[in-house]
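# Descriptive analysis of the structure
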There are 2 protein chains.
Amino acid sequence: MTKSCIRVFADVAQIKQCKTEIDRVAPTIASIARALSLSGNEVRLKILYLLSKESQLCPCDLSDILGMTVPAISQHLKKLREGGLVVSEKVGQTVFYSLHKENLNVINPILDSLVITEQKSTVS
Amino acid sequence: MTKSCIRVFADVAQIKQCKTEIDRVAPTIASIARALSLSGNEVRLKILYLLSKESQLCPCDLSDILGMTVPAISQHLKKLREGGLVVSEKVGQTVFYSLHKENLNVINPILDSLVITEQKSTVS
DNA sequence: CTATTATTTAAGCAACTACTTAAATAACGA
DNA sequence: TCGTTATTTAAGTAGTTGCTTAAATAATAG
């Protein structure tokens, strides 16, 4: 870290500009990275996909569908809720989870691309 | 796991259908989740963003720009390369990294959304 | 009130991540 | 060749993640 790149082709102005630019977008990148790492888990991505298909599901349903324990599911849902990607509504003893559509600008294209990828592979 | 959801409103047919559907898309989800978890790291997302702006950068540049040690950067680049998100080309002692555009269908919308988000926040 | 059901929370733990420092590899120039 | 530079690899480690099981919380029915 003390020594920096001194190669002949290094473009000092370019590097400086990159530093400025990355500082500028850093907060946005941090927030997007958070959303991506949330959905970068196989179980949570499945939950998001299922919610995009079914509009709402409870932890119990998801436990059945994904073949996992209820606490395991609940902990994933907690992360998704805290990350603002899903919302929950309690109806009696049951808690229904659904996508938090307003916060899904990062995730939506991914779910879309999933559908597209599936269509492609179904066709071929 | 042994006991399944027995609530009154549970829709057995819906659950069964979801199971079938999730099994069908599981391989695609796994591969997308891998790409998302790769780009769900702040440093790696910054690298991808910088490469989308600069077309090619070496580990040394990135170390300078991001204020991190070269080995730390190198290890991130290795993951991105193994995940197929970037490619490298050696020129003399320098290794230039650039985006592997063909494999970026999952990541591209994210980088785009980053630009869009930045424009929004700049305007407001 | 008591038992049952749905969900969440907590504690423990194995596996993974992302850094560190040191060493290895490779290209270059004097 | 020797010393320098660019990069990668390796080993060690603190922190994080994702599960497990057990316990806590809350709603409902008898």
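Residues numbered from 1 in each chain as written. Chains lettered and ligands numbered in written order. Predicted model: local features only at pLDDT ≥ 70, side-chain atom pairs only at ≥ 80, totals over all residues. Heavy atoms only, no water.

Within the structure shown, the criterion is met by 4 salt bridges over all chains. Its salt-bridge partner being Glu21(A), residue Lys53(B) comes within 3.9 Å of it at the nearest N-O pair. One end of the pair, Lys53(B), is in helix H2 (residues 42–54); the other, Glu21(A), is in helix H1 (residues 12–39), on a second chain. For Glu21(A), a relative accessible area of 18% translates into the label buried. Put simply, Glu21(B) and Arg24(B) hold a salt bridge, and the shortest N to O gap is 3.2 Å. (Salt bridge = Lys/Arg side-chain N within 4 Å of Asp/Glu carboxyl O. Helix = DSSP H or I, 4+ residues; strand = E, 2+ residues; numbered from the N terminus. Buried < 20%, exposed > 50% of the residue type's maximum accessible area, 1.4 Å probe, protein only.)

Attention now goes to the interface of chain B and chain A. Contacts between the two partners involve 51 residues from chain B, matched on the other side by 51 residues from chain A. Regarding the contact of chain B and chain A, the summed buried area is about 4,600 Å², with carbon and sulfur atoms giving 68% of it. Linking chain B with chain A are 4 residue pairs in polar contact (both at pLDDT 80 or more), by the criterion used here. When contributions to the side of chain B that touches chain A are tallied by element, the ones reaching two or more residues are helix H1 (12–39), H2, helix H3 (59–66), strand E2 (94–99) and helix H5 (108–123) of chain B. Element by element, the count of residues in the side of chain B that touches chain A is highest for H1(B), at 18 residues. (Contact = heavy atoms within 4.5 Å. Buried area = accessible area lost by both parts, 1.4 Å probe. Polar contact = N/O pair within 3.5 Å; in protein donor to acceptor, adjacent residues only side chain to side chain.)

Looking now at the protein's contact with DNA strand D. If you check the shell around DNA strand D, you find 27 residues, and the closest are Asn41(A), His76(A), Cys60(B), Gln93(B) and Tyr97(B). When atoms of DNA strand D within 4 Å of the protein are sorted by moiety, sugar and phosphate together comprise 72%. One of the side-chain N or O atoms of Ser74(B) is found 2.9 Å from a phosphate oxygen in DNA strand D. Within the side chain of Gln93(B), one N or O atom sits 2.5 Å away from a base oxygen of DNA strand D. (Near = heavy atom within 4 Å.)

We now examine the pairing of strand E2 (residues 94–99) of chain A. Residues and elements named next belong to chain A. Most of E2 sits inside the fold, with 5 of its 6 residues counted as buried. Pairing geometry for strand E1 (residues 86–91) and E2, over 6 bridges, is antiparallel. Directly across from Ser-88, in E2, lies its bridge partner Tyr-97. Turn length for the E1-E2 hairpin, with the two strands adjacent in sequence and antiparallel, is 2 residues, and the turn residue Gly-92 shows positive phi of about 65°. (Pairing = 2+ DSSP bridges.)

Take the relation of the copies chain B and chain A next. Between the two chain copies there is a screw-like relation: a rotation about an axis and a shift along it. Taken as rigid bodies, chain B and chain A are interconverted by a rotation of 180° and an axial shift of 0.0 Å, the fit giving an RMSD of 0.1 Å. Both copies are brought into coincidence by an operation consistent with a two-fold rotation axis. Looking at the interface residues of chain B, 100% of them are also at the interface in chain A, so both copies use one shared face. (Least-squares fit on C-alpha atoms with pLDDT ≥ 70 in both.)

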